[in-house]
Amino acid sequence: MPRTVLLLCLALGPVLRARCESTEEYDYDYLSINKTWVLTPKAQETDATQILNSLLKNYDNKLRPDIGIKPTFIDVDIYVNSIGPVSVIQMEYTIDIFFAQTWYDRRLRFNSTLKALTLNTNMVSRIWIPDTFFRNSKRADSHWITTPNQLLRIWNDGKVLYTLRLTIEAECLLQLQNFPMDTHSCPLVFSSYGYPREEIVYRWRRYSIEVSDQRTWRLYQFDFTGLRNTSEVLRTGAGEYMVMTVSFDLSRRMGYFAIQTYIPCILTVVLSWVSFWIKRDSTPARTSLGITTVLTMTTLSTISRKHLPRVSYITAMDLFVSVCFIFVFAALMEYATLNYLVGNKKPLEHSHRKARLPPAGAQVMPTFTAININHIMHWPPEMEEDEDDEPGSPCLEGKECERFFCCIEDCQTGMWREGRVRIHISRLDSYSRVFFPTAFLLFNIVYWIAYLYL
């Protein structure tokens, strides 16, 4: 029996010893992991607290770094989150940015295994930060949900990074001479409020400005075409200040204004030409059509100015609408002139004899009037001695009178009378059918080439 127990112990001994060693190794690994996960943060937390206490012990946040020694250089970075909308009436635009400033403060250097300290907003008020303000802002808001959107990071070499998120409504002076085919450059201008150039110098880095995906921007009527950043020195009575400017280039989309203004104006002008094909005896129809088109153009002109500020100069849209109004009004005046001349036409009478009635079956020439050119005017036109001669008949052997010029008396002596033009009143509508569309087409060609390509 003792021999059996001894053999059993010798057989199970290695197995028990291996299991115990595995258990000890497992426990050791577990304890080592716990040591790394639990004890190390406590050491870093203690180290960070000691660093902050030592840094802020004798720190004066009222004084800028290197005061009296050299100016403080501030590197600026901007990330554009969104732009828009742009208000044409108020001449302002809204921009949402992340604004970052970086500078060196030797008083914040520390010696530790930690490379940087990332701090919350409670530390912002305890160290010196630049007094940057936006010169052309009307309103500006800092985001506070769920916590203040600010970041403060301090490196062991004294480098400080301060970022915050801002929504700014800034001025943008729009020049609307070419409206709605205009392009604009909306600036965002900032500088130090109190420190002159001898104390604070702002600098752009190589890739200082970045933009987000433009599909989320609320520009609506505009397209973003690019940006540029500049710096300049502003001289004032309080000193010279370094002024930084970011300009956002915008170009207006014409789709809305083409649908709302340009196409209705063109169609209204074309509609006014319909009266040229209506008989001149249809006074109610032609008068109603003319007055309706004039009132329509008046309404379109009022609507086109509704979304614009009250500027004193003429915009491109004002010019187009005004010319369209002139064409519509001229079409109405054309019928008034035609109706007046035809209604007040009197038969020509001469003091020596009565005018003979044309024989039956004879061709009656249309009436005409004379227009004074070169200060030569005779009205009513003298009848030739031979009344059987028609105005279009030859006045002199081998020579014919031109169609629109009268040569009555001077043909007898071989001289052509200059300055007398014959216009057929009954053909005034026919002339207008050609003149109005041709003139309007030429105007459109000149207008669009001038504003789109010149």
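Calculation notes
- Residues numbered from 1 in each chain as written.
- Predicted model: local features only at pLDDT ≥ 70, side-chain atom pairs only at ≥ 80, totals over all residues.
- Heavy atoms only, no water.
- Helix = DSSP H or I, 4+ residues; strand = E, 2+ residues; numbered from the N terminus.
- Buried < 20%, exposed > 50% of the residue type's maximum accessible area, 1.4 Å probe, protein only.
- Disulfide = S-S within 2.5 Å.
- Core = buried A, V, L, I, M, F, W, Y, C linked by side-chain atoms within 4.5 Å.
- Contact = heavy atoms within 4.5 Å.
- Pairing = 2+ DSSP bridges.
- Axes fitted to C-alpha atoms, helices over the stretch in contact; angles between N-to-C directions.
- Parallel < 35°, antiparallel > 145°, perpendicular 65-115°, else oblique.
- Left-handed = near helix turned anticlockwise from the far one by under 90°.
- Nonpolar A, V, L, I, M, F, W, Y, C, P; charged D, E, K, R; others polar.
- Phe/Tyr/Trp six-rings, centres within 6.5 Å; stacked < 30°, edge-to-face > 60°.
- Lys NZ or Arg CZ within 6 Å of the ring centre and 35° of its normal.
- Patch = residues over 30% accessible without salt bridge, like charges linked within 9 Å, V, L, I, M, F, W, Y side chains within 5 Å.
- Areas by Shrake-Rupley, 256 points an atom, 1.4 Å probe, with all protein chains shown as cover.
- Salt bridge = Lys/Arg side-chain N within 4 Å of Asp/Glu carboxyl O.
- 1 Å grid on protein atoms, 1.4 Å probe; cavity = no way out; pocket = protein on both sides within 12 Å on 5 of 7 lines; lining within 4 Å.
- Points joined across faces, edges and corners; volume = space filled by probe spheres on them.
- Polar contact = N/O pair within 3.5 Å; in protein donor to acceptor, adjacent residues only side chain to side chain.

J.: Got a minute to help me understand the environment of Gln90 in this structure?
T.: In this fold, Gln90 is placed in the loop between strand 1 (72-87) and strand 2 (92-104). Judged by its relative accessible area of 49%, Gln90 is partly exposed. Expressed as a C-alpha distance, the spacing of Gln90 and Glu171, which sit 81 residues apart in the sequence, is 8.5 Å.

J.: How do you make sense of the state of the cysteines when you look at a structure like this?
T.: Throughout this description, disulfide means a covalent bond between two cysteine sulfur atoms. All chains considered together, the criterion is met by 1 disulfide. Linked covalently through their sulfurs, Cys172 and Cys186 form a disulfide whose S-S length is 2.1 Å. With the S-S dihedral at roughly -75 degrees, the linkage between Cys172 and Cys186 falls on the left-handed side. Within this pair, whereas Cys172 is found in the loop between strand 7 (159-171) and strand 8 (183-192), its partner Cys186 is found in strand 8, the two being separated by 14 residues in sequence. The buried category is assigned to Cys172, whose relative accessible area is 1%. By relative accessible area, Cys186 is classed as buried at 1%.

J.: In this structure, what is going on with the nonpolar core? I would like to understand it.
T.: With 85 residues, the main nonpolar core has Tyr93 and Ile97 as its most contacted residues. Top contributing element to this core by residue count: helix 4 (residues 316-343), with 10 residues. Once you skip the residues sitting within four places of it in the chain, Ile97 turns out to touch Ile78, Tyr79, Val80, Asn81, Phe134, Leu164, Arg165, Leu166, Ile168 and Leu188.

J.: Mind showing me how you'd approach the sheet that holds strand 4 (residues 132-134) here?
T.: Two pairing modes exist for strands in a sheet, parallel and antiparallel, and in both the strands are linked by backbone hydrogen bonds. Reading across from one edge, 4-8-11-10 is the order of the 4 strands in this open sheet, with antiparallel pairing throughout. With partners counted over all chains shown, the strands left at the sheet margins are strand 4 and strand 10 (222-236), one partner each. With strand direction ignored, the average angle separating the axes of adjacent strands in the sheet is 20 degrees. Taken together, the 9 bridges between strand 8 and strand 11 (residues 239-252) define a ladder with antiparallel strand orientation. Looking at strand 11, one finds that His184 is bridged to Leu250.

J.: So what exactly am I meant to see when it comes to the packing of helix 2 (residues 255-272) against helix 4 here?
T.: To characterise two packed helices, one gives the angle between the axes of the helices and the distance between these axes. In the contact formed by helix 2 and helix 4, the axes pass within 8 Å of each other and the chain directions differ by 20 degrees. When the axes of helix 2 and helix 4 are compared, the pair comes out roughly parallel. Taken as a pair, helix 2 and helix 4 cross one another with a handedness that is left-handed. Here helix 2 contributes Phe257, Thr261, Tyr262, Cys265, Ile266, Thr268, Val269 and Ser272 to the contact with helix 4, which in turn contributes Ala316, Met317, Phe320, Val321, Cys324, Phe327, Val328 and Ala331. Taken together, the residues that form the contact of helix 2 with helix 4 break down as 13 nonpolar, 3 polar and no charged.

J.: Before we go on, may I ask you to explain the pairing of strand 3 (residues 116-119) in this structure?
T.: Each regular strand carries side chains that alternate between the two faces of the sheet. Of the two faces of strand 3, only the one carrying Leu117 and Leu119 is buried; Ala116 and Thr118 on the other face are not. Where strand 3 lies against strand 6 (residues 150-155), 4 bridges are found, and the strand directions are antiparallel. From the neighbouring strand, Thr118 faces strand 6, where its bridge partner is Arg153.

J.: How should I be thinking about the packing of aromatic side chains in this particular structure?
T.: Where two aromatic rings form a pair, the distance of their centres and the angle of their planes describe that pair. For the structure shown, the criterion picks out 28 aromatic pairs. Taken together, a centroid distance of 5.2 Å and an interplanar angle of 85 degrees make the contact between Tyr256 and Phe257 edge-to-face. With a relative accessible area of 40%, Tyr256 lands in the partly exposed category. Taken together, the ring pairs in this structure connect Tyr262, Trp273, Phe276, Phe320, Phe327, Phe435, Phe436, Phe440, Phe443, Tyr447, Trp448 and Tyr451 into an aromatic cluster. One cation-aromatic arrangement involves Lys159 over Trp155; the distance from NZ or CZ to the ring centre is 4.9 Å.

J.: Explanation requested: a nonpolar patch on the surface in the structure shown.
T.: The grouping of Leu441, Leu442, Ile445, Ile449, Leu452, Tyr453 and Leu454 at the surface amounts to a nonpolar patch, some 800 Å² of accessible area in total. With respect to the secondary-structure elements, Tyr453 resides in helix 5 (residues 428-453).

J.: How should empty space enclosed by the protein be read in this particular structure?
T.: Where empty space is left in the structure can be found by rolling a water-sized probe over the atoms. Following the criterion strictly, the structure yields 1 cavity of 30 Å³ or more and no others. Approximately 40 Å³ is the volume attributed to the largest cavity. Lining the largest cavity are Ser272, Ser275, Arg286, Gly290, Thr293, Val328, Ala331, Leu332 and Tyr335. Of all elements in the fold, only helix 3 (283-304) and helix 4 reach the threshold of two or more residues within the lining of the largest cavity. Counting residues per element, the lining of the largest cavity draws most heavily on helix 4, which supplies 4 residues.

J.: For this particular structure, what's the right way to read the side chain of Thr315?
T.: Residue position: Thr315 is located in the loop between helix 3 and helix 4. Since its relative accessible area comes to 1%, Thr315 is described here as buried. There is a polar contact of 3.0 Å between the side chain of Thr315 and the side chain of Asp318. Not counting residues up to four positions away in its chain, the partners in contact with Thr315 are Leu176, Gln177, Phe179, Arg305 and Leu308.

J.: Is there a simple way to explain the side chain of Ser304 in this structure?
T.: Structurally, the position occupied by Ser304 is in helix 3. The class for Ser304 is buried, based on a relative accessible area of 7%.

J.: Could you clarify how one ought to interpret the packing of helix 2 against helix 3 in this entry?
T.: In contact at an axis separation of 10 Å, helix 2 and helix 3 are set at 165 degrees when each is read in the N-to-C sense. Between helix 2 and helix 3, the angle falls in the class roughly antiparallel. When the axes of helix 2 and helix 3 are compared, the crossing they make is left-handed. Here Gln260, Thr261, Pro264, Cys265, Thr268, Leu271 and Ser272 of helix 2 lie close against helix 3, whose contacting residues are Leu289, Thr293, Thr296, Met297, Leu300 and Ser304. For the contact of helix 2 with helix 3, the per-class residue count stands at 6 nonpolar, 7 polar and no charged.

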